[in-house]
2 protein chains.
Amino acid sequence: FSVAAVSGGADSLALLYFLRESGTSLLVAHFNHQLRPDSGADEAFVRQTAAALSLPFVRDSADVAAFAAQNQLSLEEAARQLRYRFLFRAARQAGAAAIVTGHTADDQAETVLMHFLRGAGLPGLKGMTARTLLPAFDPEIPLLRPLLGWTRAQTENFCHARGLNYRIDSSNRDTAYLRNRLRHQLLPLLAEYNPQIRQTLAKTAALLQEEEELLREMEDSAWQRVAARAENGYAQFDREQLSALAPALRRRLLRRAALRLRPALRDVDFEALQRAANLQPVEVAGGLKIFVEADTLYLAESESLLPLNSPQLNASLPLTVGQACELGRGWVLTATELAPAALNLPLADNFSAALDADRTGNRFRLRAARRGERFEPLGLPGKTVKLSDFFINLKIPQRLRAGWPLLCAGDEIAWVVGLRPAEKFRVTEKTRRVIGLSLKKV
Amino acid sequence: FSVAAVSGGADSLALLYFLRESGTSLLVAHFNHQLRPDSGADEAFVRQTAAALSLPFVRDSADVAAFAAQNQLSLEEAARQLRYRFLFRAARQAGAAAIVTGHTADDQAETVLMHFLRGAGLPGLKGMTARTLLPAFDPEIPLLRPLLGWTRAQTENFCHARGLNYRIDSSNRDTAYLRNRLRHQLLPLLAEYNPQIRQTLAKTAALLQEEEELLREMEDSAWQRVAARAENGYAQFDREQLSALAPALRRRLLRRAALRLRPALRDVDFEALQRAANLQPVEVAGGLKIFVEADTLYLAESESLLPLNSPQLNASLPLTVGQACELGRGWVLTATELAPAALNLPLADNFSAALDADRTGNRFRLRAARRGERFEPLGLPGKTVKLSDFFINLKIPQRLRAGWPLLCAGDEIAWVVGLRPAEKFRVTEKTRRVIGLSLKKV
C-alpha cells in the first residue's frame with residue numbers, strides 16, 4: 001500500500017479517489033504547514049474525507065517559517081523539506097511501499113519553466129518523473145506521481161463529476177511564491193506565443209526524460225569503469241580515464257559522486273561542476289573539493305579524509321635482515337639475504353629493492369624524513385637531492401611526505417621505501433652479499 | 001578560406017574584422033533581402049567595407065516576399081532559405097572551406113527560447129552549434145559561428161573600439177517578426193525572474209549541446225546495428241532490434257532516417273515520430289510512412305519504393321530437371337536429380353526443396369498464382385488452403401504475393417518457391433528418384 005499526500009485541494013482529492021477506485025490501499029497523510037489561517041480547516045477536511053472513506057489518516061505539522069529562517073531556506077523549500085520528511089517518516093513507520101502525490105501536467109509545466117529560467121540543464125529541464133527516489137529523505141521508498149498526465153482542470157472536473165468538494169488554497173494566488181508568479185503571470189504571457197504552452201512544456205518534460213534515461217545508461221556504465229567508489233567521505237576516479245570522457249559525461253560522474261556523498265544536496269552547480277570536470281581544484285558542492293594525486297582524482301571535503309595509499313610512519317622502527325617489520329595499515333616490509341643467483345634478477349616493481357649488504361650491514365632503521373634532508377638517488381652518482389624535491393618530482397602528495405618511511409643504514413638513507421634506493425648502497429659487480437627488501441600490503 | 005556572411009550590422013562587422021585580424025582569408029558575401037527601403041544602402045555599405053579591406057565581395061538578392069508566398073513560408077523562413085542558398089552557392093563557386101556567420105550569445109538565447117516555446121526537445125533546445133552541417137543546402141561545407149561566445153553588446157563595443165560604423169537594421173524593432181518580439185518583449189520580462197536570463201539560456205545551450213553530443217554517440221552506434229541503410233527512397237530497420245531500443249533512441253533513428261531521405265526537412269514532428277517509434281503505420285514527415293514487413297521496418301514514401309526481397313515472376317517460365325531458370329533480379333532456380341545418398345539429407349533452409357520425381361515428372365512450369373487458387377501444403381495431408389491465406393500466415397507482404405513464383409508439375413502446384421512443397425509431391429519412403437530444387441540469389 002501507499003501513503004497518499006493529501007492537501008485537500010482538487011489535485012490531491014482526485015488522486016485519493018482515483019487511486020481508491022483503482023483498488024490501491026492507501027494511508028492518507030496530511031502535513032499542516034501552518035502558514036495560513038485556514039490551514040486547520042484544511043486538515044479537518046482531509047481528516048473527515050479519510051474517515052468517510054474508512055481510510056487510515058496520519059498528520060503532522062511544524063513551524064515552517066522558523067525552520068526556513070533557521071536554515072536560510074525559502075519558505076517554499078522549507079515547506080517542501082518538512083513535508084517530505086513527514087511523508088517518508090510516515091511511510092517507513094507504516095511499512096508503505098511508496099508515497100503518491102497529486103502533481104499534474106500543470107505542475108510539470110511550471111517546474112520545467114522554473115528550471116528553464118534558472119538554467120538547470122537536462123536534469124532540471126526534464127521536470128518531475130513518474131517515479132523518483134529522493135535519497136535525502138529515504139534511500140528506498142519511491143515517490144510516485146500518477147497524475148502527471150492529468151491537467152489541473154481534469155482533476156477539478158474529476159472532483160465535480162463525483163460531487164466532491166475540495167479546498168481552495170488561498171495562498172495559490174500569493175505572488176510572493178515563485179511558482180504562483182509563474183502560474184498566474186508568466187505562463188499566461190507565454191500562452192500569447194504558444195496557446196498550448198502548458199501541454200508543450202509537459203511534453204518537453206516527457207521527451208527529455210527519455211533522453212535523460214539514455215544518458216543515465218551511459219553514466220551508469222562510465223561510473224562502473226571510472227569511479228572506484230563514493231563512500232567514507234570521498235569519491236575516487238581514475239584521472240586518465242575521467243579525462244578521456246566527453247565533458248558532459250565527466251560532469252555527470254562528478255555530480256553523481258557529489259550527490260552520493262551529500263544525499264541532501266538538491267543539485268550541483270553547473271559552473272563548479274564544469275571547472276571540476278576540467279580537473280581544476282575547486283569546491284564542487286556541499287564543501288566537496290577536487291584533489292588530484294598521481295593517477296587518482298578525489299572528491300572529498302578535506303585531504304585528511306582521503307585513503308592513505310602508501311605506508312606511513314608514526315615512529316622510528318628497527319629492521320634486521322631475516323625479519324619483517326609492520327608499518328601499520330597492513331603494510332609489511334621484509335629484509336632477506338638473497339641467493340647469489342637472484343643477483344641478476346630484474347626488480348619487478350618499486351615495491352622491491354636490492355642493496356649491497358657489505359655496505360649497509362645487517363641492521364636497519366626505519367624513520368621519517370628530517371627537515372631539509374637530502375639523499376643521493378640511484379642513477380645520480382655524486383649528486384644529492386632534497387627529499388622534498390624528490391617527492392614533488394614523483395608526484396607524492398604533500399600529505400604523505402612527512403610520514404614516508406626511509407630505510408636507513410646507520411643514519412644514512414639506503415632506500416626511500418617503495419621509491420628509490422640510494423646510489424651509495426647499490427648492488428654492483430663487486431657485490432658479494434645482496435639484501436632483498438620487499439614491501440607488501442597484506 | 002571562408003565566406004563571411006555580412007549584413008552590415010555590428011555582429012557581422014565584428015565578425016569580419018575579428019576574423020581578418022586573426023588572419024583568416026575571407027570572401028565577403030551580402031544577401032540583399034529587399035525587405036526594407038534602406039536595404040540598398042546596407043548593400044553599398046558592405047561593398048565599400050569589403051573594398052576598403054581589399055576583400056573580394058559577392059552579393060545577390062531575391063524577392064523574399066514572393067518566395068514566401070509561393071512556398072507558404074513565413075517571411076523569416078523564406079529569407080533564411082534564400083540567404084543560405086546564396087551563401088552555399090557562393091562558397092561552392094569560390095571553393096571556400098566554410099561559411100562563417102556572426103551569430104552571438106544573444107541570438108543563441110533567442111533561439112533557445114524560441115525552441116522552448118514551441119517544444120522542440122533536445123535537438124532544438126540545444127540551440128545553434130559552433131559548427132553545423134546543413135545538408136539541405138550543402139552536404140559538406142560547414143557553417144561556422146565563431147561569435148557564439150560573444151554578446152551582442154560585445155560586438156558593438158568591438159566596433160566602437162575600432163571606430164567602425166555599422167548599419168542598424170530598422171526591421172530589428174519590427175515586432176511582426178517572432179525573433180524581435182522575443183528580443184524586445186519576452187526576454188525583458190523573463191529578466192524580471194532571472195536578470196542574467198540571456199547568459200543563462202546561452203549556457204543552457206552549451207550544456208545541452210554536450211549532452212546531445214553524448215546521445216549522438218549512442219545514436220551512431222545504434223544506427224550501425226539496427227539500420228541497414230537509408231537510400232534509394234527508403235530506410236530499412238531490423239524490426240526486432242529497433243523495438244528493443246529505448247524509445248528516445250528509437251525516435252532518434254527514425255528521425256535520422258527521415259532527415260537522410262529528406263535533407264530539406266528542418267525537423268521532424270515529435271508526435272508522429274513517437275507513433276512511428278511505437279511501430280504504428282503513420283506518416284512520419286515529408287510524406288514518409290512506416291511499412292512493416294516480416295522482420296523489417298521500412299520508412300518510405302510508398303510501398304512501391306521498397307526493395308523486392310523475393311523473386312517475382314512477370315511471365316510463365318519452363319524448367320526442366322538438369323537446368324537452371326533465371327527469375328530476374330539475380331534469382332536463379334535450379335532443378336537437379338539428387339544422388340540416392342542425398343535422400344536423407346535435411347534441407348538446410350526454405351531456399352531448397354526435394355520432390356518425388358516419379359510423381360512430378362521431369363518438366364516443370366513456373367507461374368504466378370491464380371485468383372482463389374488453393375494448394376495442399378506439406379504436412380497437411382488431405383487439406384487444401386487458399387494461397388492467399390497461406391501467404392498471410394507466413395507474413396508475406398501484399399505487394400509480393402501476386403508475382404510469387406509457383407513451381408508446377410502439370411498444372412498442380414508442387415512447390416511454393418522458397419516457402420513450402422505440396423504434400424502430394426513429397427519425398428516418401430517409397431520414393432525412388434528425388435528432384436532437388438534450389439533457389440539462389442547470385
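You'll find the structure just up there.
Note that the coordinates shown come from a computational prediction; the quantities given were computed from them, not determined experimentally.

Conventions we followed
- Residues numbered from 1 in each chain as written.
- Chains lettered and ligands numbered in written order.
- Predicted model: local features only at pLDDT ≥ 70, side-chain atom pairs only at ≥ 80, totals over all residues.
- Heavy atoms only, no water.
- Helix = DSSP H or I, 4+ residues; strand = E, 2+ residues; numbered from the N terminus.
- Rg over C-alpha atoms; globule rule 2.2 N^0.38 Å.
- Buried < 20%, exposed > 50% of the residue type's maximum accessible area, 1.4 Å probe, protein only.
- Contact = heavy atoms within 4.5 Å.
- Areas by Shrake-Rupley, 256 points an atom, 1.4 Å probe, with all protein chains shown as cover.
- Lys, Arg positive; Asp, Glu negative; His and termini not counted.
- Charge placed at Lys NZ, Arg CZ, Asp CG, Glu CD.
- Core = buried A, V, L, I, M, F, W, Y, C linked by side-chain atoms within 4.5 Å.
- Pairing = 2+ DSSP bridges.
- Axes fitted to C-alpha atoms, helices over the stretch in contact; angles between N-to-C directions.
- Left-handed = near helix turned anticlockwise from the far one by under 90°.
- Salt bridge = Lys/Arg side-chain N within 4 Å of Asp/Glu carboxyl O.

Brief notes about the overall build of chain A
Summing up its helical and strand segments, chain A has 15 helices and 22 strands in all. Against the globule reference of 22 Å for 442 residues, chain A gives a C-alpha radius of gyration of 32 Å, more extended than a compact globule. Judged by the C-alpha coordinates and their principal axes, chain A covers about 105 × 45 × 40 Å. Evaluated residue by residue, chain A yields a buried proportion of 50% over its 442 residues. In chain A, the share of contacts with a sequence separation of at least 24, taken over all contacts with a separation of at least 6, comes to 64%. Just so you have it, chain A exposes about 21,000 Å², and 49% of that area is on carbon and sulfur atoms. When the 57 basic and 48 acidic side-chain charges of chain A are each reduced to a single mean position, those positions are 4 Å apart.

Quick word on the nonpolar core
Leu113, Phe237 and Leu299 of chain A together with Leu113, Phe237 and Leu299 of chain B are the most contacted members of the largest nonpolar core, which has 90 residues in total. Ignoring sequence-local partners within four residues, the contact set of Leu113 of chain B consists of Phe116 of chain A together with Leu182, Leu186, Leu187, Leu190 and Leu201 of chain B.

Comments concerning the sheet that holds strand β19 (residues 406–409) of chain A
Sheet strands pair by backbone hydrogen bonding; their relative direction is either parallel or antiparallel. Residue and element names in this part refer to chain A. The sheet built from five strands is open, its strands ordered β12-β16-β19-β20-β21 with antiparallel pairing. Strand pairing shows two members of the sheet lacking a second neighbour, β12 (317–320) and β21 (420–421), which therefore form its edges. The pairing of strand β20 (residues 412–416) with β21 spans two bridges and is classified as antiparallel. Each bridged residue has a counterpart across the sheet, and for Trp415 the counterpart in β21 is Pro421.

Some thoughts on the packing of helix α1 (residues 10–21) of chain B against helix α7 (residues 152–161) of chain B
All names here are of chain B. Following both chains from N to C, one finds α1 and α7 inclined at 60°, their axes separated by 8 Å at the closest point. Crossing angle aside, the handedness with which α1 passes α7 is left-handed. For the pair formed by α1 and α7, the contact residues are Ala10, Asp11, Leu13, Ala14, Tyr17, Phe18 and Glu21 on the first element and Arg152, Thr155, Glu156, Phe158 and Cys159 on the second.

Re the pattern of salt bridges
Tallied over the full model, the rule gives 66 salt bridges over all chains. The salt bridge involving Glu43 of chain B is made with Arg59 of chain B; its shortest N-O contact spans 2.7 Å. Taken as a pair, Glu43 of chain B in helix α2 (residues 39–52) and Arg59 of chain B in strand β3 (residues 57–61) lie far apart in primary sequence, 16 residues in all. Take Glu43 of chain B: its relative accessible area is 9%, and that puts it in the buried class. Taking relative accessible area as the criterion, Arg59 of chain B reaches 34% and is therefore assigned partly exposed. Overlapping salt bridges bring together Asp11, Asp106, Asp107, Glu110, Arg152, Arg179, Arg183 and Arg198 of chain A as one network.

The values reported here are purely geometric and, on their own, carry no functional implication.
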